[in-house]
Amino acid sequence: MIFIIPKVNLGLKIVCVFAFLISGIMTSHTFWQISDTHVNYCYRGSTSNTAANGCSRGTGNTGNIGDYKCDTPYWTFRSGIKQMKEIDPNPDFILFSGDLFGHKDTTSFALLKVFEKTIVTIKKHFPNIPLIYSLGNTDLWPRNNFSSETHEDYLTEISTIMSDDFDDEQKKTWNKYGYYSTIIQNKLRVVTLNTIIYYVNNKLTKGLGGDVYGQLAWLKNQVKLAKENDQMVIVHGHVPAGIRKNGYSSYKTHFNNYVVDKFNSIESEYPGIIKLYVFGHKHRDTLRITHAGTPMLCAPSFSFYYNVNSALARHFQYDLNNKVFTSYQNYWSDLNEANEDEKIIWKPLYNTTQSPMNFNNLNNENWVDFIYELEHNNDTFQIWYERRKAMYPMPICDELCKKDLICLIKTLTKTEYFDCME
Ligand SMILES: [Zn+2]
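Residues numbered from 1 in each chain as written. Predicted model: local features only at pLDDT ≥ 70, side-chain atom pairs only at ≥ 80, totals over all residues.

- For the protein chain, the name recorded in an unreviewed UniProt entry is Sphingomyelin phosphodiesterase, with Anaeramoeba flamelloides as its organism.
- Recorded in UniProt for the protein chain, the comment headed Subcellular location (unreviewed entry) runs: "Secreted". (UniProt positions renumbered as here; feature names shortened; annotations may be inferred.)

Encoded structure:
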């Protein structure tokens, strides 16, 4: 490849060529990650205080833009997709990390209708942009429950609705098991897992030990193929590894120790190939870390459900030539303000390049250093804590609360967590 650099002196030319030779040309690429949209297509706002929260009944004090106890009105979701398009209409791809169905809708018939309308809305605003979808626990009927045996037809219907985004090769694993991989510009492999098979509330795979549906062997092979083809990997899914807690007394893990051990062993066998794990499900901006220090990033939700402000979607920048994820930008919108104005606008919340993170990229060592900072610098911790629910007012986090949150970041199994809390 020959580069002609006009009107610069020879010294500068040599410096430019030398910089290219040692580092490769930086190529800035982007993608969006949207998660937990939970659209309720029957939502009706109301200012009547005569009944409990109505959400879709037009009763209770529910704003037209949304409510912290309700699923998302369609028009709010559509405004969000429009704003994503205004910010970046040409990402390389969009990750949709699951849970597009509402918490309050209840039939399997509605499921595919909701699915189709949600996908069509995104595609209308982002035609020709690959959309990569991961199955969420609310995207199933009965909710939370998946088995290959009972859901093959349903998965096939999904890949038919998303026919632009599934080729025949991808359908082979998706239609049967709900996992598949996508290659972006020959340099990035997005490996989308079906995490619902590990989900603690999934009764259909409960008790199945070992490598359920061969997903982990398949993941390992994807990482091996990535290495052979000089690609980097994002592991994508809905439910993250790590502890799930209700208060201080209930501890469960979605992924059992067998699965977590496999994740860690794949990373030791193929170091540096998996750059990021990205999930949804938590509705809060959540961080976990593997033994190798690779970040598991749970995007905050689009939905307000579970008392959070909408975080719109997460916008990532990456450099394909140098195989580096550079940064991400989070957004937020104050729901009370939006309901007063009867219109919702999302504002930037934080960027990983800015204080207190100041990351030059999203590589492991920056996360390891940041977790150390969270543990030892209270100002950094408080800033991070306030951002978790996209600036929804949070109670004061005392020393025990702080220790608990830090241990949840640093551990993926119950044994590790309890050792950390000692
Ligand atoms: Zn959700």
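1. Brief notes about the overall build of the protein chain
Then, number 1: Counting its regular elements, the protein chain contains twelve helices and 18 strands.
Then, number 2: Here the protein chain, with 422 residues, has 41% of them falling under the buried criterion.
Then, number 3: If you take every contact in the protein chain between residues at least 6 apart in sequence, the share linking residues at least 24 apart comes to 66%. (Helix = DSSP H or I, 4+ residues; strand = E, 2+ residues; numbered from the N terminus. Buried ≥ 20, exposed ≤ 12 C-beta atoms within 10 Å, placed from the backbone. Contact = placed C-beta atoms within 7 Å.)

2. With respect to the packing of helix α4 (residues 148-161) against helix α5 (residues 168-177)
For any two helices packed against each other, the geometry is given by the interaxial angle and the distance between the axes.
Then, number 1: Contact geometry of α4 with α5 gives a least axis separation of 6 Å together with a crossing angle of 130 degrees. What the angle tells us is that α4 and α5 run oblique. Packed against α4, whose contacting residues are S148, E152, L155, T156 and S159, the element α5 presents K171, W174, N175, K176 and Y177 at the interface.
Then, number 2: The class makeup of the residues in the contact of α4 with α5 is three nonpolar, four polar and three charged. (Axes fitted to C-alpha atoms, helices over the stretch in contact; angles between N-to-C directions. Parallel < 35°, antiparallel > 145°, perpendicular 65-115°, else oblique. Nonpolar A, V, L, I, M, F, W, Y, C, P; charged D, E, K, R; others polar.)

3. Points about helix α2 (residues 74-87)
Then, number 1: For α2, built from 14 residues, the straight-helix expectation of 20 Å at 1.5 Å per residue is met to within 8% by its first-to-last C-alpha distance of 20 Å.
Then, number 2: Listed in full, the buried residues belonging to α2 are T76, F77, S79, G80, I81 and M84. (Expected span 1.5 Å × (residues − 1).)

4. Notes on the packing of helix α11 (residues 399-410) against helix α12 (residues 414-421)
Then, number 1: Between α11 and α12, the shortest axis-to-axis distance is 9 Å and the interhelical angle comes to 145 degrees. As for how α11 packs across α12, the hand of that crossing is right-handed. Contact residues: K403, C407 and K410 in α11; Y417, C420 and M421 in α12.
Then, number 2: Counted by class, the contact of α11 with α12 contains four nonpolar, no polar and two charged residues. (Left-handed = near helix turned anticlockwise from the far one by under 90°.)

5. Here we look at the nonpolar core
Then, number 1: Counting residues in each nonpolar core, the largest one holds 93 residues, and the members touching the most others are I94, V233, V278 and L297.
Then, number 2: By residue number, the principal contributor to this core is strand β13 (residues 274-279), which donates five residues.
Then, number 3: Those residues within four positions of L297 in sequence are excluded, and the remaining contacts are L276, Y277, V278 and L287. (Core = buried A, V, L, I, M, F, W, Y, C linked by C-beta atoms within 7 Å.)

6. Considering the sheet that holds β13
Then, number 1: Pairing within the open sheet is mixed, and its six strands lie in the order β8-β9-β10-β13-β15-β14. In the strand order of this sheet, the two ends are held by β8 (180-184) and β14 (286-289), each with one partner. Along the sheet, successive strands turn relative to each other by an average axial angle of 20 degrees, direction set aside. (Pairing = 2+ DSSP bridges.)

7. Notes on the confidence of the model for the protein chain
Then, number 1: Across the protein chain, the average pLDDT comes to 89, with 89% of residues at 70 or higher.
Then, number 2: Confidence over residues 1-23 falls short of pLDDT 50; this stretch has five contacts with residues more than four positions distant or in other chains. (pLDDT = per-residue confidence, 0-100.)

8. What about the sheet that holds strand β18 (residues 347-351)?
Then, number 1: Taken together, six strands build an open sheet; the order of strands is β7-β6-β1-β16-β17-β18 and the sheet is mixed. The open sheet terminates on both sides in strands that have one partner only, identified here as β7 (131-133) and β18. Geometrically, the sheet is characterised by an average inter-axis angle of 25 degrees between neighbouring strands, direction not taken into account.
Then, number 2: Pairing of strand β6 (residues 93-96) with β7 involves three bridges; the strand directions are parallel. Across the sheet, I94 pairs through a bridge with L131, a residue of β7.

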